[in-house]
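As a plain string of letters, each chain reads:
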Amino acid sequence: MPVALVKNIGLTTTTTAGFTSSIDEPTAAANQNQLMMTGNWFAATSTNGGGAWAHVDPFTIFPASAGGFCCDQIVLYNPRHQIWVWLLQYIAVSGGNNLFRLAVSRTASFGNWYYWDFNPQNLNPAWTTMWFDYPDMAFTDNNLFVTFNGFSGQAWQRAFVFRFPLATLAAGTGLGYNWWSTTGNGSLRLCHGAGATMHFGSHNSTSQIRVFDWPDASTNLTWQDVNVRAWSGGPYTSGPAAGGQNWLGRVDPRITGAWVGGGQIGFMWTASADAGHPFAYIRVCRINEVTKALVDEPDIWGNRGVWAYPAAAPNSAGQVGFSAFYGGSTNHHPAHAVGVRDATAWSTVLTASSTNDPATAAWGDYLSCVAHFNTTTHWVASGYTLQGGTARTNVEPRYVEFQ
């Protein structure tokens with residue numbers, strides 16, 4: 001099935017105010033003609049389907065807190081409650097905590113935000129040096145789920161899962177919530193497309209994934225370990241071009257794509273080249289949602305270049321779409337691509353190719369891919385490339401709608 005690009009929009013430096021990075025970490029979402037995109041270190045909105053965009057400054061739109069706005073952001077739209085949810089990560093104060101901010105805007109007043117802040121010491125007063133990093137965010141029928149890693153200094157301590165009731169977020173009243181943490185698994189990745197139960201996953205090893213279930217109807221979660229085909233987690237190289245920058249120099253094997261649909265849970269991550277794959281590629285596994293039996297492993301790879309940094313989501317028909325970076329063997333500058341899985345194969349298309357490698361061996365850390373609202377058979381994806389140079393102002397974030 002060929003992939004069709006419905007919208008493929010590069011944001012200008014006027015829209016981003018030049019606050020972009022080769023570690024851009026963009027996310028995007030849509031509600032009919034209301035669109036929003038975030039990245040390092042900008043946000044932007046459109047109210048006419050992407051015909052015009054307005055810059056939103058995450059440093060100044062809210063009051064300063066902790067050490068000030070930092071970097072990581074995620075934006076989602078929830079059609080059931082007609083709200084936008086914007087997550088922002090703040091800087092840790094010297095030797096201490098940071099916080100994350102959950103901001104909500106109702107559809108009828110898009111751009112007017114109210115918010116709540118969450119600090120590690122809200123969870124445990126003894127966590128005086130803990131700080132949150134590397135967020136993820138997804139919905140079930142009734143709840144918003146948020147995950148973070150927790151660090152003390154530069155040492156990983158634990159991973160967190162928060163569950164916030166969507167009805168309360170929409171009402172803007174006092175926000176009760178549940179949370180859980182683990183010291184056994186990090187970088188927990190939430191599934192897009194969840195219904196009454198949130199599924200999320202993390203690697204136990206290079207041959208096993210731990211799959212967690214947290215039903216809306218329960219305060220407790222469970223997990224089950226699933227064996228997968230062994231894979232390699234490094235080193236990563238971006239291509240054979242002589243003298244080229246290794247833009248996969250900081251990639252790692254954390255799960256970056258997760259979805260549930262059609263009775264299957266899926267996970268994606270970046271694996272390094274091995275005997276069966278000449279370049280870095282996207283490992284994919286699909287698991288039966290009920291039994292947790294491994295269904296198949298339809299990896300995304302090729303003989304002509306690397307695939308990396310996948311994000312994924314189902315559409316309303318249960319098909320899986322994804323967003324990722326690609327680097328070919330002849331022009332290995334990072335390009336952005338989207339794709340769709342039919343019954344037997346992946347179909348992909350490039351949205352844009354970079355004219356340059358980044359100045360340093362750094363790219364990533366994540367992209368986004370979500371179902372479009374209200375054209376729910378479509379997907380909305382984020383990406384970026386370098387255009388005309390290597391400065392941060394040459395980074396062009398990209399809003400993509402595809403089917």
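For the structure, check the block above.
Everything numeric here is computed off the predicted structure, so don't read it as measured data.

**Q** Just give me the short version of the overall build of the protein chain, but keep the residues and values in it.
**A** Counting secondary structure elements, the protein chain contains three helices and 28 strands. At 20 Å, the protein chain has a C-alpha radius of gyration in line with the 22 Å of a compact globule built from 403 residues. If one aligns the C-alpha atoms of the protein chain with their principal axes, the spans along those axes are about 55 × 50 × 45 Å. Put simply, the protein chain has 403 residues, and 57% of those count as buried. Total accessible area on the protein chain stands at roughly 14200 Å², and carbon and sulfur atoms take up 49% of it. Across the protein chain, 18 positive and 22 negative side-chain charges occur, with their mean positions spaced 2 Å apart.

**Q** With reference to specific residues and values, describe the packing of aromatic side chains.
**A** Applying the stated criterion to the full structure yields 44 aromatic pairs. Ring centres of W131 and F151 lie 5.1 Å apart, and the angle between their planes is 25°; this geometry places the pair in the stacked category. One end of the pair, W131, is in strand 10 (residues 130–139); the other, F151, is in strand 11 (residues 143–152), and 20 residues separate them in sequence. The burial state of W131 is the same as that of F151; both residues are buried. A centroid spacing of 4.8 Å and a plane angle of 5° characterise the contact between F200 and F212, whose relative ring orientation is stacked. Of the two residues, F200 is situated in strand 15 (residues 197–205) and F212 in strand 16 (residues 208–215); the sequence distance between them amounts to twelve residues. Like F212, F200 is buried.

**Q** Tell me what's going on with the sheet that holds strand 25 (residues 346–353), and back it up with residues and numbers.
**A** Read across the open sheet, the four strands follow the order 22-23-24-25; overall the sheet is antiparallel. Sheet topology places strand 22 (305–314) and strand 25 at the edges, where each strand pairs with a single neighbour. On average, adjacent strands in this sheet sit at an angle of 25° to one another, irrespective of strand direction. Relative to strand 23 (residues 320–328), strand 22 runs antiparallel, the two being bridged by eight bridges. Paired with A308 across the bridge in strand 23 is F325.

**Q** Go over the sheet that holds strand 20 (residues 281–288), please, and point to the residues and values.
**A** Ordered in space as 18-19-20-21, the four strands form an open sheet in which the pairing is antiparallel. Two strands close off the open sheet at either side, each with one partner strand: strand 18 (255–261) and strand 21 (294–296). For this sheet the average axis-to-axis angle between neighbouring strands, irrespective of direction, equals 30°. Across eight bridges, the pairing between strand 19 (residues 264–271) and strand 20 is antiparallel. Among the inter-strand pairings, M268 is bridged to a residue of strand 20, identified as V284.

**Q** Quick one: what's the story with the state of the cysteines, residue by residue and with numbers?
**A** In the structure shown here, the tally under the stated rule is one disulfide. Through a disulfide, C70 is tied to C71; the S-S separation comes to 2.2 Å. Between C70 and C71, the S-S torsion sits near 70°, and that sign places the bridge as right-handed. Residue classification places C71 among the buried residues on the basis of a relative accessible area of 14%.

**Q** How would you sum up the pattern of salt bridges? Please name residues and give values.
**A** Taken as a whole, this structure holds eleven salt bridges when the rule is applied. The network of salt bridges with common partners includes R229, R283, E297 and D299.

**Q** Give a detailed account of the nonpolar core, specifying residues and quantitative values.
**A** With 38 residues, the main nonpolar core has F100, L102, L144, V146 and F164 as its most contacted residues. Here L102 is in contact with V85, W86, L87, Y114, Y115, W116, F118, M137, L144, V146 and F164, once residues within four sequence places are set aside. Core analysis: the second largest hydrophobic core is formed by 28 residues, L190, I255, Y281 and C285 among them.

**Q** Explain unusual backbone geometry residue by residue, including any values.
**A** Following N40, the chain continues to W41 via a peptide bond in cis, the omega torsion being 5°. Its place among the elements puts W41 in the loop between strand 3 (34–39) and strand 4 (42–46). Along the chain, G364 connects to D365 via a cis peptide bond; the corresponding omega equals 10°. Positive phi values are uncommon outside glycine, yet A66 reaches one of about 50°. The topology assignment puts A66 in the loop between strand 5 (54–56) and strand 6 (69–78). Taking relative accessible area as the criterion, A66 reaches 42% and is therefore assigned partly exposed. If you check the backbone angles, Y309 has positive phi at about 55° while not being a glycine. Inspection of the secondary structure puts Y309 in strand 22.

**Q** Before we move on, can you summarise the pairing of strand 7 (residues 83–90) with the specific residues and values?
**A** The element strand 7 is extensively covered by neighbouring structure, given that eight of its eight residues are classed as buried. Because side chains alternate across strand 7, one face comprises the buried residues I83, V85, L87 and Q89, and the other comprises W84, W86, L88 and Y90, equally buried. Pairing of strand 6 with strand 7 involves seven bridges; the strand directions are antiparallel. From the neighbouring strand, Y77 faces strand 7, where its bridge partner is W84. Hairpin geometry of strand 6 and strand 7 is characterised by an intervening segment of four residues between the two adjacent antiparallel strands and by a positive phi of about 55° at Q82. With seven bridges joining them, strand 7 and strand 8 (residues 100–106) adopt antiparallel strand pairing. Looking at the pairing, L88 lines up with R101 of strand 8.

Criteria and cut-off values
- Residues numbered from 1 in each chain as written.
- Predicted model: local features only at pLDDT ≥ 70, side-chain atom pairs only at ≥ 80, totals over all residues.
- Heavy atoms only, no water.
- Helix = DSSP H or I, 4+ residues; strand = E, 2+ residues; numbered from the N terminus.
- Rg over C-alpha atoms; globule rule 2.2 N^0.38 Å.
- Buried < 20%, exposed > 50% of the residue type's maximum accessible area, 1.4 Å probe, protein only.
- Areas by Shrake-Rupley, 256 points an atom, 1.4 Å probe, with all protein chains shown as cover.
- Lys, Arg positive; Asp, Glu negative; His and termini not counted.
- Charge placed at Lys NZ, Arg CZ, Asp CG, Glu CD.
- Phe/Tyr/Trp six-rings, centres within 6.5 Å; stacked < 30°, edge-to-face > 60°.
- Pairing = 2+ DSSP bridges.
- Axes fitted to C-alpha atoms, helices over the stretch in contact; angles between N-to-C directions.
- Disulfide = S-S within 2.5 Å.
- Salt bridge = Lys/Arg side-chain N within 4 Å of Asp/Glu carboxyl O.
- Core = buried A, V, L, I, M, F, W, Y, C linked by side-chain atoms within 4.5 Å.
- Contact = heavy atoms within 4.5 Å.

Purely spatial values, then, with no claim about function.
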